[in-house]
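The chain contents come next:
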Amino acid sequence: MKSNKVSAKIPFHIAIIMDGNGRWAEKRSLLRKFGHRAGVRTLIKTVKYAFSLGVGIVTVYAFSTENRLRPKDEVDSLIDLIRKNFATTFGDLVKRGIRVRVLGERSFFPPDVVEIMDKVEEESKEGKTGIFNVALNYGGRAEIVRAAEKLSQSGKEFNEENFSRFLYTSDQPDPDIIIRTGGEKRLSNFLLYQSAYSELFFSDTLWPDFSMKELDSIISQYGERDRRYGKV
Ligand code: FPP
């Protein structure tokens, strides 16, 4: 892979909002679904590269609860990409010892897709190389409400530690970095609870054009940021 590996402090958990696929396609007079297809190529490249650097967890926002409201054609093409990649490419990650987890309400997806998600999660559950979280039909507020409901049903004391156990990311540390490509500067309902102390990086690059050089640069900048967690 063409990139100078960074020597900076490597973040343990990187989360990514992969924005700009549609515009990337429109700029080329292509249907939006071709932007998502190109986005998957960048996604695979990025995930493999991040793990090769020593990153422990990569979380990507692949399908938000709001994305369900897009035209049926586009939703179908996203579901098709999810189906194909869980069945094939993600299997390759599993072979490398990556644990794949789905964050979100999967019952929205067709039964065959849910089955593939369950299978990949099950087959990868002993993976020790890293964790790849794919947020699918995910919304941060819905996740918080769900966790509150589950905590209440459990009868356990309401505190941050018990609460976070009921998030989709239950036993994982919060993201050190959240990257959003595509020029917008907001979190759009992504990891609302977990992002409390994440370092945010916004890039104008459209997701399919995101390069490993840019990831290196973000990691270098991260190494220079002073994370005080509210302390002096
Ligand atoms: C935002 O771009 C991106 C998405 C809504 C979907 C991202 C999904 C993928 C890269 C594929 C997921 C597939 C798997 C296998 C996990 P946009 O369409 O909002 O772009 P725009 O802002 O330019 O319109």
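All figures in this text were calculated on a predicted structure; none of them were measured in a lab.

What counts as what
- Residues numbered from 1 in each chain as written.
- Predicted model: local features only at pLDDT ≥ 70, side-chain atom pairs only at ≥ 80, totals over all residues.
- Heavy atoms only, no water.
- Helix = DSSP H or I, 4+ residues; strand = E, 2+ residues; numbered from the N terminus.
- Rg over C-alpha atoms; globule rule 2.2 N^0.38 Å.
- Buried < 20%, exposed > 50% of the residue type's maximum accessible area, 1.4 Å probe, protein only.
- Contact = heavy atoms within 4.5 Å.
- Expected span 1.5 Å × (residues − 1).
- Axes fitted to C-alpha atoms, helices over the stretch in contact; angles between N-to-C directions.
- Parallel < 35°, antiparallel > 145°, perpendicular 65-115°, else oblique.
- Left-handed = near helix turned anticlockwise from the far one by under 90°.
- Nonpolar A, V, L, I, M, F, W, Y, C, P; charged D, E, K, R; others polar.
- Core = buried A, V, L, I, M, F, W, Y, C linked by side-chain atoms within 4.5 Å.
- Near = heavy atom within 4 Å.
- Polar contact = N/O pair within 3.5 Å; in protein donor to acceptor, adjacent residues only side chain to side chain.
- 1 Å grid on protein atoms, 1.4 Å probe; cavity = no way out; pocket = protein on both sides within 12 Å on 5 of 7 lines; lining within 4 Å.
- Sits in = over half its atoms within 2 Å of the grid points.
- Phe/Tyr/Trp six-rings, centres within 6.5 Å; stacked < 30°, edge-to-face > 60°.
- Lys NZ or Arg CZ within 6 Å of the ring centre and 35° of its normal.

Draft legend 1. The arrangement of the overall build of the protein in detail. Within the protein, the regular secondary structure consists of eight helices and six strands. Relative to the 2.2 N^0.38 estimate, which gives 17 Å for 232 residues, the radius of gyration of the protein is 17 Å and therefore close to what a compact globule would have. Its C-alpha atoms put the protein at 55 × 45 × 35 Å along the principal axes. Within the protein, the proportion of its 232 residues that are buried is 50%. For the protein, the share of sequence-separated contacts (at least 6 apart) that also reach a separation of at least 24 residues comes to 77%.

Draft legend 2. Up close: helix α3 (residues 72-87). End to end, α3 covers 22 Å across 16 residues, agreeing with the expected 22 Å (1.5 Å per residue, within 8%). If you check which residues of α3 are buried, you get Glu74, Val75, Ser77, Leu78, Ile79, Leu81, Ile82, Asn85 and Phe86. Those residues of α3 that are buried are in contact with α2 (32-53), β2 (57-64), α4 (89-95), β3 (98-103), α5 (111-124) and β4 (130-138).

Draft legend 3. Local environment of the packing of α2 against α3. It is at 9 Å that the axes of α2 and α3 come closest, and there the two elements cross at 30°. Here α2 is positioned roughly parallel relative to α3, judged by the angle of their axes. Handedness of the crossing formed by α2 with α3: right-handed. Note on element contacts: α3 touches α2 through Glu74, Ser77, Leu78, Leu81 and Asn85, opposite Arg32, Lys33, His36, Arg37, Val40 and Ile44. For the contact of α2 with α3, the per-class residue count stands at four nonpolar, three polar and four charged.

Draft legend 4. Examining the nonpolar core more closely. By size, the foremost hydrophobic cluster in this structure holds 46 residues, and its most contacted members are Phe86, Phe109, Phe132, Leu136 and Ile179. With eight residues, the top contributor of residues to this core is α2. Dropping the residues within four chain positions of it, Phe86 is found in contact with Gly91, Val100, Val102, Ile116, Met117, Val120, Val134 and Leu136. Listed in part, the 10 residues of the second largest apolar core include Ala15, Ile17, Ala135 and Tyr168.

Draft legend 5. Representation of the site of the ligand. Close to the ligand lie 20 residues; Asp19, Gly22, Arg23, Arg32 and Arg70 are nearest. Asp19 is positioned such that a nitrogen or oxygen atom in its side chain is 2.9 Å from an oxygen atom of the ligand. Taking Arg32, its side chain carries an N or O atom lying 2.9 Å from an oxygen atom of the ligand. Judged by the proximity of its atoms to the pocket grid, the ligand belongs to the largest pocket. Of all the secondary-structure elements, those providing two or more residues to the shell around the ligand are α1 (21-27), α2 and α3. The dominant element in the shell around the ligand, judged by the number of residues it contributes, is α2, at five residues. Here the residues of the shell around the ligand sort into nine nonpolar, seven polar and four charged.

Draft legend 6. Here's a closer look at the side chain of His13. Mapped onto the fold, His13 is located in strand β1 (residues 13-17). Every residue in contact with His13, bar those within four places of it in the chain, is listed here: Ile57, Thr59, Asn133, Gln172, Pro173, Asp174, Pro175, Asp176 and Ile177.

Draft legend 7. Molecular detail of the packing of aromatic side chains. A complete count under the given rule lists 11 aromatic pairs for this structure. Plain terms: the ring middles of Tyr61 and Tyr138 are 5.9 Å apart, the flat faces sit at 80° to each other, and that makes the pair edge-to-face. With Tyr61 in strand β2 and Tyr138 in strand β4, this pair connects stretches of sequence that are 77 residues apart. In this pair, the class of Tyr61 matches that of Tyr138, namely buried. The structure contains a cluster of three or more aromatic residues connected by ring pairs, namely Tyr61, Tyr138, Tyr168 and Phe190. Its guanidinium or amino end placed over the ring of Phe108, Arg68 lies 5.7 Å from that ring's centre, counting from NZ or CZ.

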